[in-house]
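# Structural description and commentary
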Amino acid sequence: MSDRVPVYDNHLHMSPSGRNVDALKEFQAAGGTGLTLVTLPHKEVPITCGQDFARSYEVTYSLADKAKEQTDLEINIAVGPYPILLISLAEVYGLEKAEEIMIEGMELAAKDVAEGRACAIGEIGRPHFPVDRDIWDASNRVLLRGMELARENDVPVIIHCENENDTDSSLAEIADRAGLDRGLVVKHSSPPWVTPEETCGVMPSIPASKSNTKEALSKGTDRFMIETDYIDDPDKPTAIMAVTTVPKRVNAWVANGQVPLESIYRICKDIPDSLYHR
């Protein structure tokens, strides 16, 4: 172990209209050492066809390049078609065409992964709120294709979806159909479900609140990651959590000694390394 304790935020966004690199500089100054940069739809690139996803991913790569030049952070990139887009695309083009556009966005993400530009496909999945059955079924078909592409490239998928009692078992079932290792299915914004019975083999990524992390650690396992889902919205500077939340949480763990260093290394280094350095 090095003297510098790893501090890894597993889900963070950058926006051209937000603080972007300045936010990551603040993260590093607070003690952050690494992060998963997850693409989101950029308002600068409206999605009207599959190829628009390629242009949108380029914005994320450009932001990552700037951050790598100006910080010492480890930045692992995930790209993929944000699942909620299926709904708005279906309203304009019809569901069949919308599904085709989303699948093309997934294929383009996999192409970038194969070329080494990204190391995960995400965030993909399905709406986190009730939708009509046809939207739900189409979302699961798109998700299945994403997991198949992740299997072909031996990379993780980062999942945006609902949090219901059967969610992880449902994700595990789709992974099995795709032939994807369940441990490569990263459940973004997961409740503190960390035991084998709760996760069904899916990898939880838990919002780094004090209550969430305390509950997760109380279950006697350190098989999870922590995240902020910082969205870099200038109108909502701390949404979903402040960019310094993970460093503050890990610093508190180190200071009070209640979380063994071995567990901190597992949460903030060993697990991310195993997922993203494949």
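Residues numbered from 1 in each chain as written. Predicted model: local features only at pLDDT ≥ 70, side-chain atom pairs only at ≥ 80, totals over all residues. Heavy atoms only, no water.

For residues that are not glycine, phi is negative in most cases, and the peptide bond is trans in most cases. A cis amide bond, omega -5 degrees, links Gly 122 with the succeeding residue Glu 123. Of note, Glu 123 is situated in strand S4 (residues 120-125). You will see that Cys 200, though not glycine, has its phi angle at about 55 degrees, which is positive. Note on placement: Cys 200 falls in the loop between helix H7 (196-199) and strand S7 (203-207). Backbone geometry places Asp 232, a non-glycine residue, at a positive phi of 55 degrees. (Helix = DSSP H or I, 4+ residues; strand = E, 2+ residues; numbered from the N terminus.)

A covalent bond bridging the sulfur atoms of two cysteines is what the word disulfide describes. The full count for this structure, using the stated rule, is 0 disulfides. Cys 119 provides the cysteine sulfur closest to Cys 268, a residue in no disulfide bond, and the two sulfurs are 16 Å apart. Judged by its relative accessible area of 3%, Cys 268 is buried. (Disulfide = S-S within 2.5 Å. Buried < 20%, exposed > 50% of the residue type's maximum accessible area, 1.4 Å probe, protein only.)

Turning to the nonpolar core, a few remarks are in order. Within the largest apolar cluster, 88 residues are counted, with the highest numbers of intra-cluster contacts made by Ile 121 and Met 147. Excluding residues within four positions of it along the chain, Met 147 makes contact with Val 157, Ile 159, Leu 171, Ile 174, Ala 175, Ala 178, Leu 180 and Val 185. (Core = buried A, V, L, I, M, F, W, Y, C linked by side-chain atoms within 4.5 Å. Contact = heavy atoms within 4.5 Å.)

For the rest of this paragraph, the subject is the pairing of strand S2 (residues 34-38). Counting buried positions over the 5 residues of S2 gives 5, a clear majority of the element. Of the two faces of S2, the one holding Gly 34, Thr 36 and Val 38 and the one holding Leu 35 and Leu 37 are both buried throughout. Two strands pair when backbone bridges link them, and strand S1 (residues 8-12) and S2 are joined in this way by 3 bridges, in the parallel orientation. Considered in S2, the bridge of Asp 9 is made with Leu 35. Between the parallel elements S1 and S2, the chain passes through helix H1 (residues 21-29) in a crossover that is right-handed. In terms of strand pairing, S2 meets strand S3 (residues 74-79) through 5 bridges, oriented parallel. Bridge assignment links Leu 35 to a residue of S3, and that residue is Ile 75. Read as a crossover between parallel neighbours, the route from S2 over helix H2 (residues 50-70) to S3 is right-handed. (Pairing = 2+ DSSP bridges. Right-handed = clockwise from strand over helix to strand, strands pointing away.)

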